[in-house]
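Descriptive structure summary
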Number of protein chains: 2
Amino acid sequence: MKKYLKYDEWCIIEEGFNPANHQASESIFSIGNGKMGQRANFEEKYSGESLQGSYVAGVYYPDKTRVGWWKNGYPEYFAKVLNSPNWIGINVTIDGFELDLYKCKVDNFTRTLNMKEGFLLREFEATLENDKKISVKAKRFVSMADTENGAIRYSITPINFSGKISFTPYIDGDIENEDSNYDEKFWNILDVQAEDGSAYLESQTKKSDFRCGFAMKYIVKLNEKVVKPNAEVIQLNKWVGNQIEIEVKEGETACIEKFAGVTSSLNYATDALKSQAEELASFACHKGFDKLFEDHKQKWSEKWIHSDIKIKGDIAAQQAIRFNIFHLNQTYTGEDERLNVGPKGFTGEKYGGTTYWDTEAYCIPFFLMTSPSQVTRQLLIYRYKHLPRAIENAEKLGFKNGAALYPMVTANGEECHNEWEITFEEIHRNGAIAFAIHNYIRHTGDKKYLEEYGLEVLVGISRFWSQRVTFSEARKKYVMLGVTGPNEYENNINNNWYTNKMATWCLKYTKESIDYVKAENPERYEELKAIMNFNEEETVRWMDIVDNMHFPYNEELKVFMQQDGFMDKEQMMADDLDPAERPINQHWSWDRILRSNFIKQADTLQGMYVLEEQFTEEEIRRNFDFYEPRTVHESSLSPCVHSVLASKIGKIEKAYEMYLRTSRLDLDDYNAEVHEGLHITSMAGTWMAIVEGFGGKRAYDEKLYLNPVIPEQWEEYAFRIRFKGKDLEVRVNENEIEIISHASLPVELFVYDKPVTVEENKSITISR
Amino acid sequence: MKKYLKYDEWCIIEEGFNPANHQASESIFSIGNGKMGQRANFEEKYSGESLQGSYVAGVYYPDKTRVGWWKNGYPEYFAKVLNSPNWIGINVTIDGFELDLYKCKVDNFTRTLNMKEGFLLREFEATLENDKKISVKAKRFVSMADTENGAIRYSITPINFSGKISFTPYIDGDIENEDSNYDEKFWNILDVQAEDGSAYLESQTKKSDFRCGFAMKYIVKLNEKVVKPNAEVIQLNKWVGNQIEIEVKEGETACIEKFAGVTSSLNYATDALKSQAEELASFACHKGFDKLFEDHKQKWSEKWIHSDIKIKGDIAAQQAIRFNIFHLNQTYTGEDERLNVGPKGFTGEKYGGTTYWDTEAYCIPFFLMTSPSQVTRQLLIYRYKHLPRAIENAEKLGFKNGAALYPMVTANGEECHNEWEITFEEIHRNGAIAFAIHNYIRHTGDKKYLEEYGLEVLVGISRFWSQRVTFSEARKKYVMLGVTGPNEYENNINNNWYTNKMATWCLKYTKESIDYVKAENPERYEELKAIMNFNEEETVRWMDIVDNMHFPYNEELKVFMQQDGFMDKEQMMADDLDPAERPINQHWSWDRILRSNFIKQADTLQGMYVLEEQFTEEEIRRNFDFYEPRTVHESSLSPCVHSVLASKIGKIEKAYEMYLRTSRLDLDDYNAEVHEGLHITSMAGTWMAIVEGFGGKRAYDEKLYLNPVIPEQWEEYAFRIRFKGKDLEVRVNENEIEIISHASLPVELFVYDKPVTVEENKSITISR
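Numbering of residues starts from 1 in each chain and follows the order in which that chain's sequence is written. To label them, take the chains in the order written and letter them from A, then take the ligands in the order written and number them from 1. Totals for whole chains, interfaces and linings use every residue, but because this is a predicted model, local features are given only for residues with pLDDT of at least 70 and side-chain atom pairs only at 80 or more, for both listing and counting. Think of the side-chain values as coming from all heavy atoms in the structure, minus any hydrogens and water.

So the rule is basically this: UniProt positions are given in the numbering used here, feature names are shortened, and annotations may be inferred rather than shown by experiment.
With an unreviewed UniProt entry as reference, chain A is termed Family 65 glycosyl hydrolase domain-containing protein, source organism Plebeiibacterium sediminum. The Sequence similarities (unreviewed entry) comment attached to chain A in UniProt states, word for word, "Belongs to the glycosyl hydrolase 65 family."

Shown next as structure tokens:
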């Protein structure tokens, strides 16, 4: 754990420069706009430890898979998120001495991530080897409004001298990827061109042939007036830039404003990449830093209106939830159905791939409530577009007749993870993807989605489950053999309760959806039947499985069993573990973990969270009391689910403990790994812990429910949600709940299970 | 499957040169002497596909482990068997044109592996690009008598010309290992020195610092008379040699005899490697090729007396069994307790490591019967010496108090395999290692071994089992969770019947052994107690486990269940598999294999083979009938066990089918992989299929039993065995069994369960 950041409601602030924290800060202070993003690398040269990270959404490299022993069915490659050419670079020399914070004396260093307005600011004083002291201020953002533009304002004021300052703004294409399996470089450089005042570099990924164009323009100012020093144009094989030099007097301020235009072959014909990137850079330069920033800020302001959560009386919690919301909004904006929510977003390379089940299980609940329904719909369509690949995935594993197995990790629909116990067996992801369709529809009312896209996905998934189960002659029940549940501390188990539960839920929901589409739009239904080569007879087996699935259950404890044989394990409690042996995944051998009853992340409880309405509060409590003490929460996705359920069953202290664990995971670097990037997808779980946990927000049968509680550490909290296009603000304190409508129609909902109507643009207050 | 070799009783013969078969032949025609060995690479240059292989016993390289995702407890390295500097090389030019069979016209090519005398012979005619035609004869062996010597006699006769022949005998240290994980070279070359008539090269493995010295000397003959042409001495960084040239007339024969002396730091001080290697080469050169060969042949003759199996009426079976026996004898001679029986011996690099459970489960039964007891004893002491490492292995996985887990794969006692489901879970190897002690004692009567070495190993292993089981409160039984049995087509299962069986057997045998040593040698027992920090209280739990272990059993079928839940699987038969989908491990994804009921290799039946006396014939038949149809035999170690049991229960046709499958596995290249090397350890299984299967040899309670049957394809078969130092020959035909004693005392045994005594050096004949 690392606690070096200041508490602040709207900002993340690092005071004083400590190289040991630099890589962590590079992650934490990352900026992005859904289309591109940046780790908080310095613009000027930095010779200390740093993880360079510049990312263009949707661009990946199929890196040859690395395994110890090849097993049939392994993917050929692991799709790696790519560190891309670096467009932020501005080298600086002061009277010929290079500015490098690793080698200078640094004073009054402050790094600020302003989350309200979406920018990164760095201010410091540096004393160089030549004893010249300067004051520097660098502000950077990637625009939420003009999403292919990034801008930097970099100002230097000599403090104790007058002299020459040189700026070398550049684009560097000679890039390494830390996560490369075989230490290969992933980029070819196709074009470099530098002119006075501008430069262009075009790069191409090897194998996958993505192309990205990076154009830069800049203007130089002395005391806020534009000057035009001559530039030395530098053009190398993989590097382009300009070097300019100006005379600056003590106390004067030299400033360079660098504008980048970034294009990719996802969005442009390859022969237009250059002209478009150059146009974008020119456009931004012409518009000017301040106006560009103004438009950007405006977009952030709109995002915050709908997604902010306010917490009074707990600044650490307030800062943390905003940090989580900020990064989610930076990572995914829902404008492009080909993109998704990568586990590290634009903050690191680790894990590879861009899409995990995290999207459906964690991120969709967040986006559903905080963004227009279109945003979630894009995430669903992303999977719809990958359906043919999911069918191919299943075929590779021996499934037939349009059965679809979505990948555990992917960048393009193809599976790219390489551990058999995950790739081949952690099939519950299929359940989350189906459930997301239901979740979308129950929150938006958009049932039309079923006939447009949803049904095809549901049928593919149901066909998979139908083939994946085995009828056990011994039990006269359907069983599901050889799976890994959400709890990855068990591998290749039989009858994971969660997976079996989600499978039968899918089969049932698919059947209902078929009946619905058939009734509502028979013509489209016939069309879909032809497309899917679907025969209604298929559903006979589906319903037989629904009726006769085996669910492990312990009669004595009246608790659902995570899998067959769970009670054969030695029953131990996480609290009794030697703290020196935690996290166990860093101290115990894998077989010991597998044999133990310790649970990495919510599994049976995950199922009770997803399908909560099927269980009584008493059942939830019994299972919570059984599983929570056995859960070590060594996945970032775990505490949030326990937090939501703890709130539900009135264990508010427990819920708060779990909330803290999830919300400041990266800010306080609980697991000593934040330098690799942030846990983007689990950030949505933090939001869930408040809105669904403390706020008790539910949507059953297309009706909205609120059952707020409040941790005693908080004076008040407020969040805003959307439900079927209606926009509500909810404020909760110890005594009352205020619901403020921003909708143009009355909103009906249930508060503490009592029906309530909030009139359009009115508010109501309910005592607690 | 590849059938290009001629049948012959004593030789493997390849006629005609086909480069497509060359790598397979390089494996099949390998020669070795337990201390070093060679693939059948050509002496002269060969530019076609070839896997170079020159091996020095006991030398390995700890190659950095390669895995997709690291798991706690993985070994840091995989010990790789090393391709070592090449001492066989003799480049040849004919009037300036290089001899290279890949580029010449080749006629009358014959490659012969003479198994009786242990040499490799190659004869051919080659027409070079310059149309000069030569006849070549090359004979090579590594001496069984002078085990650090290898010798080559290489003769050339010009057929259609008189001209200049040059020989370049050399030692090459610039070696690649095909099995390198990171394409690194594993050797440093420390010393090179070439003089007229001799050369020396010294190599050092990186990291592990093994050193090997290679000295060569040669003599040149023209028409069998020694000549002394001037040599051009060539000394490069990693290569040393001489080039000599002689004028040869049409019909004359030029011959070079090259003698190598090979030393390793396992046997010599590093500063003696050179002088010793040079002395060895000089010694061999002085002794002369013919005498050297004579001594070598004599040793082979002795080996064959005791290990040969004669089969009349089935030349394919006769050739195959000798091929298997020959390679086993080449691989391990029992002279050095630091060596073991590598899965590929001296025939390839694949699999790495030098010791698997194959040694105890398969090879020891062979060596026990065919070699002096000392040979097996060395293999046991090998494990004894590794006991501290086995305790460390177990500690890494969280076990305590002297619990020992022997490695799945090792070269030095440390585990070096890297799949968690094997390394951490395939723990039944511990059972085989304990059983080998019992097996040794019951065949040799050497009970003293227990107090000398055996008991410490047994106690370490029993401590492991005692900690590895879990008491299931739910079942009120001990269970063994998360294991992989011999059937590796199941991973991380609970209560593998075989593993549970072997575990309780170990606990019981250890207790008996403790009691025995305590009674026989109380003083030594007290000493051992102190060494092991052993408390007799420990055995209370052991016996409780023995009495209360859970063994999966199906009441309805009256069959032992391979593991919990086996009958939940869809019950399919191997014969019903689409032949196009076999072997399933090349066609099915791993999860599909795991979910299926198909068995890779004997598992429950392995247990019934090992502990046969615990079961009635009816029980064996029931289990055989259940498991055999579900077994796909995709491990080379499988058919032999089924063959032995099939003979036992009177299914002679089945036994013969299984015997064929195992005995010609490599000769006929069933699995299209013989080019990588031979399946050395499973060759012992082939021997078992005859002696224990058809011959029905057993040793219970230190008594010898024979229950011979004979496949109808055979007229007669004969084998020779040792039992408690007594040497018997057994000849079986349709009508009778002849037992010929070569012992100096009467031998008592049971034939068809009737007691029989064979007087010293007499024979008896029993009707069948």
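Next comes the rest of the write-up.
1. Quick look at the environment of Gly342 of chain A
Condition: Runs of E in the DSSP output that reach at least two residues are strands. Runs of H or I that reach at least four are helices, and both are numbered from the N terminus. Whether two residues are in contact is decided by their heavy atoms: any pair within 4.5 Å suffices.
Here Gly342 of chain A is to be found in the loop between helix H4 (315-331) and helix H5 (358-370). Those residues in contact with Gly342 of chain A that sit more than four places away from it in its chain are Thr331, Thr354, Ile680 and Thr681 of chain A.

2. Some words on the sheet that holds strand S33 (residues 754-758) of chain B
Residues and elements named next belong to chain B. Note the threshold: Strands are treated as partners if at least two bridges between them are detected by DSSP. Every axis in this analysis is a line fitted to C-alpha atoms, fitted for helices over the stretch in contact. Angles between the N-to-C directions lie between 0 and 180 degrees.
Here 4 strands make up an open sheet; going across it, the order is S27-S28-S32-S33 and the pairing mixed. In this open sheet, the two edge strands, each paired with only one partner strand, are strand S27 (698-700) and S33. The sheet shows a mean angle of 35° between the axes of neighbouring strands, direction not considered. Where strand S32 (residues 747-751) and S33 come together, 5 bridges link them in antiparallel fashion.

3. Considerations on the UniProt feature "binding site: substrate" (unreviewed entry) in chain A
Residue and element names in this part refer to chain A. Per the UniProt record, "binding site: substrate" (unreviewed entry) is annotated on Trp357, Asp358, Lys600 and Gln601. Here Trp357 is to be found in the loop between H4 and H5. Structurally, Gln601 can be placed in the loop between helix H15 (590-595) and helix H16 (604-610). Excluding residues within four positions of it along the chain, Gln601 makes contact with Trp357, Tyr362, Pro486, Asn487, Thr631, Ser635, Leu637 and Ser638.

4. Re the domain arrangement of chain A
Residue and element names in this part refer to chain A. Counted only if it meets this: Domain start and stop points were drawn from an automatic or database domain assignment. Accessible area that two parts lose when put together, with a 1.4 Å probe and added across both, is what the buried area reports. In protein, a polar contact requires one atom able to donate a hydrogen and another able to accept it; more generally it is a pair of N or O atoms within 3.5 Å, and residues adjacent in sequence count only if both atoms are side-chain atoms. Here the term charged refers only to Asp, Glu, Lys and Arg, the term nonpolar to Ala, Val, Leu, Ile, Met, Phe, Trp, Tyr, Cys and Pro, and the term polar to all other amino acids, Gly among them.
What the domain assignment reports for chain A is domain 1 (12-304) and domain 2 (386-551). Placing the centre of domain 1 and that of domain 2 at their C-alpha centroids yields a distance of 44 Å. A buried area of about 1,000 Å², summed over both sides, lies between domain 1 and domain 2, and 63% of it is on carbon and sulfur atoms. The largest contributions to the domain 1 side of the interface with domain 2 come from Pro75, Tyr77 and Phe78, which together make up 45% of the buried area. If you look at where domain 1 meets domain 2, you find 4 residue pairs in polar contact (both at pLDDT 80 or more). Considering each element in turn, the side of domain 1 that touches domain 2 owes the most residues, 3 residues, to strand S7 (residues 77-81). Residues that form the side of domain 1 that touches domain 2 fall into these classes: 7 nonpolar, 3 polar and 2 charged.

5. Quick notes on the relation of the copies chain A and chain B
Taken together, a rotation about one axis and a shift along it account for how the two chain copies relate. The line we're drawing: Least-squares fitting of one copy onto the other uses the C-alpha atoms of those residues that reach a pLDDT of at least 70 in both copies.
Rotating chain A by 180° about the axis while translating it 0.1 Å along that axis superimposes it on chain B, leaving an RMSD of 0.0 Å. Classification of the inter-copy transformation places it as that of a two-fold axis. Every residue of chain A has its C-alpha some distance from the rotation axis, and the shortest such distance is that of Val67 of chain A, at 2.3 Å. Both copies contact each other with a shared surface, as 100% of the interface residues of chain A are interface residues in chain B too.

6. Details of the nonpolar core
Heads up, the condition is: We define the nonpolar core as a collection of buried residues of types Ala, Val, Leu, Ile, Met, Phe, Trp, Tyr and Cys that are connected through side-chain atoms lying within 4.5 Å of one another. A 1.4 Å probe rolled over the protein chains alone gives each residue an accessible area, and that area as a share of the maximum for its type sets the label: buried under 20%, exposed over 50%, partly exposed in between.
Leu99 and Tyr154 of chain A together with Leu99 and Tyr154 of chain B are the most contacted members of the largest nonpolar core, which has 469 residues in total. Beyond its immediate stretch of four places on either side in the chain, Leu99 of chain B contacts Glu44, Lys45, Val92, Thr93, Cys104, Phe124, Ala126, Leu128, Ile134, Val136 and Tyr154 of chain B.

7. Things to note about the pattern of salt bridges
Any two side chains of opposite charge can pair if their charged atoms end up close together. Cut-off, in case you're wondering: Should a side-chain nitrogen of Lys or Arg be within 4 Å of a carboxyl oxygen of Asp or Glu, the pair is scored as a salt bridge.
Under the definition given, this model contains 141 salt bridges over all chains. In this structure, Arg338 of chain A engages Asp336 of chain A in a salt bridge whose closest nitrogen and oxygen atoms are separated by 2.8 Å. By relative accessible area, which is 39% here, Arg338 of chain A ends up partly exposed. Between Lys287 of chain B and Asp295 of chain B there is a salt bridge, and its shortest N-O distance comes to 2.6 Å.

8. A short note on the sheet that holds strand S5 (residues 54-56) of chain B
Residues and elements named next belong to chain B. Overall, antiparallel pairing links the 3 strands, which are arranged S3-S4-S5 in an open sheet. Of all strands in the sheet, those bounded by a partner on one side alone are strand S3 (31-32) and S5. One ladder, built from 2 bridges, connects S3 with strand S4 (residues 36-38); its direction is antiparallel. Along S4, the bridge assignment pairs Ile31 with Gln38.

9. Looking at the side chain of Arg664 of chain B
Within the element layout of this structure, Arg664 of chain B appears in the loop between helix H19 (652-663) and helix H20 (680-694). Here the side chain of Arg664 of chain B touches Gln319 of chain B through a polar contact of 3.1 Å, side chain to side chain.

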